[in-house]
Amino acid sequence: MGVLGTLLRHPGDVIPLVKVKRMADKAKRLPKEKNLAYCYDVLNKVSRSFAIVIQQLDEELRDAVCVFYLVLRALDTIEDDMAIPIDEKLPQLLEFYQYIYDPAYSTNCGEKHYKDLMANYPKVTAVFLKLKKPYREVIADITRRMGAGMAKFIEKEVMTMEDFDEYCHYVAGLVGIGLSNLWGASKMESKEFIGEEKLSNAMGLFLQKTNIIRDYLEDIQELPAPRMFWPRSVWSKYAKELDDLQHEENRDAAVQCMNELITNALHHSLDCMKYMARIKEASIFRFCAIPQVMAIATLAECYGNENVFRGVVKIRRGLSARIMLKCNNMLEFATGFKYFANQLVHKVQPNKDPNGEETLRAIEALEEVCDKIIAEESEKMHVARVNDDSLPMSTRMLLWFLFGGYFTYAWRLEEVRESLGVNRHAGDPRVDAFQRWFATICFIIISLLVIVGKKR
Ligand code: IN0
């Protein structure tokens, strides 16, 4: 379906798409300093929507997170490059955390924007070296641990569910742990975030498992060698080889296998909700919430979907724009999670899918937490609204104009009578005087009310 067809089917996408386009245009305006400008330019090129969210972070954290993201992308580029022989790749992964301090370090690997990133790496290093020491230490520590984990898995197959969790911990859970350390170090979030590993890890696992599920075909068809992240203990129940799942004749087994992995990924969603509930600062909240809601939307799209084995399954741009605009607080976040959990639940066929019952249980648990949060947050908002006894600006202005008019009328009674063709002294002077003072008192009271703005 073309762009127009999609928009006609989803007219509600148009405004969010326009708003997000404006946000993207704003994000394309680069800082003046040339190394920083390079970092944000390459960030815009390698990650579409995520670059916008990074740029919306508070100034205190923005550059640190941008550099953290680029450092990790660079490490990932080395891990991904199948042209690097293993005996060269291994030391590079293990030592990368030291290269990030070397102003002269650059390398020739990767493709397209990543090749450019690696070739221009000294520009990233220049910005890294200017970050505050605690931020540099967090980035270097995570890079060290991730490089070691990648090296461990370079020749190790993901066999069991434990291996799967361990691999995802290295490449994504550690990112969550690093981010939590940055939040704590910035003092924008409680220091409890420093060293918090369980929930931070779950945040990464939920994202990475979603990526691994969605990217099955791309990874298995990778040249010169396939990349295999689906755990053997799961796929071996459905096929002789992981590669077999891409063939038409194994479609049912492939979908069931994928659904089992989706169910496993869903188990992390509860810890993700707990993590999100601890975040106080608005820009950090959005930064963390958007990828999470995109992930559950992707899982809902993939569940039971044979197209995952035919090509790239992605959520539509309009939906991703809507998510980007609706992740501002816990109420919106839980509402988003519940919406996609609900989409997923309608796709489950417990009598056809061997894991259907477990999937339903996982979604039920998630929906329960979402409902609880939605109820609590709605109540909080209601209480805030009731306690907020300030008058809206429009009401204040209306009252002021009404009583201003009455005040003018009372003090110009004689001119009013004259303009109506009545004798200007027709009224009782005592009543006229009373009107003047009454209007004045009313006008003073209303003016005070308008300035203070309270109902009671
Ligand atoms: C991320 C994560 C990310 C963001 C916020 C909180 C997180 C907590 C724990 C772990 C990761 C967290 O988000 C990005 C999202 C992203 O890059 N989206 C892409 C879409 C795509 O398909 O690639 C985009 O272009 O918008 C993410 O996926 N990862 C990531 C990397 C570094 C940082 Cl600092 C934060 C990658 C990964 C592997 C999931 C950790």
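Coordinates for the structure precede this section.
Throughout what follows, the structure given in this document is the object of discussion.

Parameters at a glance
- Residues numbered from 1 in each chain as written.
- Predicted model: local features only at pLDDT ≥ 70, side-chain atom pairs only at ≥ 80, totals over all residues.
- Heavy atoms only, no water.
- Helix = DSSP H or I, 4+ residues; strand = E, 2+ residues; numbered from the N terminus.
- Rg over C-alpha atoms; globule rule 2.2 N^0.38 Å.
- Buried < 20%, exposed > 50% of the residue type's maximum accessible area, 1.4 Å probe, protein only.
- Contact = heavy atoms within 4.5 Å.
- Areas by Shrake-Rupley, 256 points an atom, 1.4 Å probe, with all protein chains shown as cover.
- Lys, Arg positive; Asp, Glu negative; His and termini not counted.
- Charge placed at Lys NZ, Arg CZ, Asp CG, Glu CD.
- Near = heavy atom within 4 Å.
- Polar contact = N/O pair within 3.5 Å; in protein donor to acceptor, adjacent residues only side chain to side chain.
- Nonpolar A, V, L, I, M, F, W, Y, C, P; charged D, E, K, R; others polar.
- Patch = residues over 30% accessible without salt bridge, like charges linked within 9 Å, V, L, I, M, F, W, Y side chains within 5 Å.
- Salt bridge = Lys/Arg side-chain N within 4 Å of Asp/Glu carboxyl O.
- Expected span 1.5 Å × (residues − 1).
- Axes fitted to C-alpha atoms, helices over the stretch in contact; angles between N-to-C directions.
- Parallel < 35°, antiparallel > 145°, perpendicular 65-115°, else oblique.
- Left-handed = near helix turned anticlockwise from the far one by under 90°.
- 1 Å grid on protein atoms, 1.4 Å probe; cavity = no way out; pocket = protein on both sides within 12 Å on 5 of 7 lines; lining within 4 Å.
- Points joined across faces, edges and corners; volume = space filled by probe spheres on them.
- Bend = angle between axes of the 7 residues up to and from the residue.

### Digging into the overall build of the protein chain
Here comes step 1: Counting secondary structure elements, the protein chain contains 22 helices and zero strands.
Here comes step 2: Taken over the C-alpha trace, the protein chain has a radius of gyration of 30 Å; the compact-globule value for 456 residues is 23 Å, which it surpasses by more than 25%.
Here comes step 3: The principal-axis extent of the C-alpha atoms belonging to the protein chain is close to 105 × 60 × 45 Å.
Here comes step 4: When each of the 456 residues of the protein chain is scored for burial, the buried share is 48%.
Here comes step 5: Across the protein chain, the fraction of contacts at a sequence separation of at least 24, relative to all contacts at a separation of at least 6, is 72%.
Here comes step 6: Only carbon and sulfur atoms are counted for the fraction: they give 57% of the accessible area of the protein chain, which is about 23500 Å².
Here comes step 7: Looking at charge distribution, the protein chain has the averaged site of its 61 positive side-chain charges lying 8 Å from that of its 63 negative ones.

### A few points about the site of the ligand
Here comes step 1: Surveying the vicinity of the ligand reveals 19 residues, the closest of which are Arg48, Ser49, Phe50, Tyr69 and Gln208.
Here comes step 2: Here an oxygen atom of the ligand sits 3.1 Å away from a polar atom, N or O, in the side chain of Ser49.
Here comes step 3: Between an oxygen atom of the ligand and a main-chain N or O atom of Phe50, the distance comes to 3.0 Å.
Here comes step 4: Within the complex, 86% of the 760 Å² of free accessible area of the ligand lies under protein.
Here comes step 5: For the shell around the ligand, the elements supplying multiple residues, two or more each, are helix 4 (48-55), helix 5 (59-80), helix 10 (161-186), helix 11 (198-214) and helix 16 (282-302).
Here comes step 6: Per-class residue counts for the shell around the ligand are 12 nonpolar, five polar and two charged.

### A few points about the environment of Ile142
Here comes step 1: With respect to the element layout, Ile142 can be found in helix 9 (residues 133-153).
Here comes step 2: The sequence separation of Ile142 and Leu299 amounts to 157 residues, and the corresponding C-alpha distance is 27 Å.
Here comes step 3: What Ile142 contacts, discounting residues up to four positions off in sequence, is Phe68, Leu174, Val175, Ile177 and Gly178.

### What about a nonpolar patch on the surface?
Here comes step 1: A cluster of nonpolar side chains, contributed by Met393, Met397, Trp400 and Phe401, occupies part of the molecular surface with about 440 Å² of accessible area.
Here comes step 2: Structurally, Trp400 can be placed in helix 20 (residues 393-411).
Here comes step 3: Using a relative accessible area of 34% as the deciding quantity, one classes Trp400 as partly exposed.

### Section: helix 22 (residues 429-452)
Here comes step 1: For helix 22, spanning 24 residues, the distance from its first C-alpha to its last is 35 Å, which sits close to the expected 34 Å at 1.5 Å a residue.
Here comes step 2: Within helix 22, the full set of buried residues consists of Asp432, Gln435, Arg436, Ala439, Thr440, Cys442, Phe443, Ile446, Ser447 and Val450.
Here comes step 3: For helix 22, the secondary structure elements touched by its buried residues are helix 20 and helix 21 (413-419).
Here comes step 4: Put simply, Asp428 is the residue that caps the front of helix 22, since its side-chain oxygen is 2.9 Å from the backbone nitrogen of Arg430.

### Things to note about the packing of helix 14 (residues 251-266) against helix 16
Here comes step 1: One can describe the packing of helix 14 onto helix 16 by two numbers: an axis separation of 10 Å at closest approach and a directional angle of 155°. Taken as axis vectors, helix 14 and helix 16 run roughly antiparallel relative to one another. Considering the relative orientation of helix 14 and helix 16, their crossing is left-handed. Note on element contacts: helix 16 touches helix 14 through Ile296, Leu299 and Cys302, opposite Met258, Ile262, Ala265 and Leu266.

### Digging into the layout of surface pockets
Rolled over the atoms, a probe sized like a water molecule indicates the empty space that remains.
Here comes step 1: By volume, the second largest pocket is sized at about 720 Å³.
Here comes step 2: If you trace the second largest pocket, you find 25 residues lining it, with Arg316, Leu319, Arg322, Tyr339 and Phe340 closest to the centre.
Here comes step 3: At six residues, the largest contribution of residues to the lining of the second largest pocket is made by helix 18 (residues 330-345).

### Remarks on helix 10
For an α-helix, the turn length of 3.6 residues means that residues three or four places apart are oriented alike.
Here comes step 1: In a regular helix each residue adds 1.5 Å, so 26 residues correspond to 38 Å; helix 10 covers 35 Å between its end C-alpha atoms and thus fits that length.
Here comes step 2: For helix 10, the principal kink sits at His169 and spans about 55°.
Here comes step 3: Buried residues dominate helix 10, accounting for 20 of its 26 residues.
Here comes step 4: Taking the backbone nitrogen of Glu162 as reference, a side-chain oxygen 3.3 Å away marks Thr160 as the first, capping residue of helix 10.
Here comes step 5: Lys187 occupies a position one or two residues after helix 10 and carries a positive phi of about 65°.

### Quick word on empty space enclosed by the protein
Here comes step 1: The tally for this structure, following the rule as stated, stands at one cavity of 30 Å³ or more.
Here comes step 2: Roughly 40 Å³ of volume is contained in the largest cavity.
Here comes step 3: Tallying contributions element by element places helix 12 (residues 216-220) first for the lining of the largest cavity, with three residues.
Here comes step 4: Within the lining of the largest cavity, the residues separate by chemical class into seven nonpolar, no polar and two charged.

### What about the pattern of salt bridges?
Here comes step 1: Following the criterion strictly, the structure yields 32 salt bridges and no others.
Here comes step 2: For the salt bridge of Arg145 with Glu197, the shortest nitrogen-to-oxygen distance reads 3.4 Å. Taken together, the residues span a long stretch of sequence, with Arg145 in helix 9 and Glu197 in the loop between helix 10 and helix 11 at a distance of 52 residues.
Here comes step 3: On the basis of relative accessibility, which here comes to 24%, the residue Arg145 falls in the partly exposed class.
Here comes step 4: A salt bridge links Glu248 to Arg251; its shortest N-O distance comes to 3.0 Å.
Here comes step 5: A single salt-bridge network, built from bridges that share partners, covers Asp141, Arg144, Arg145 and Glu197.

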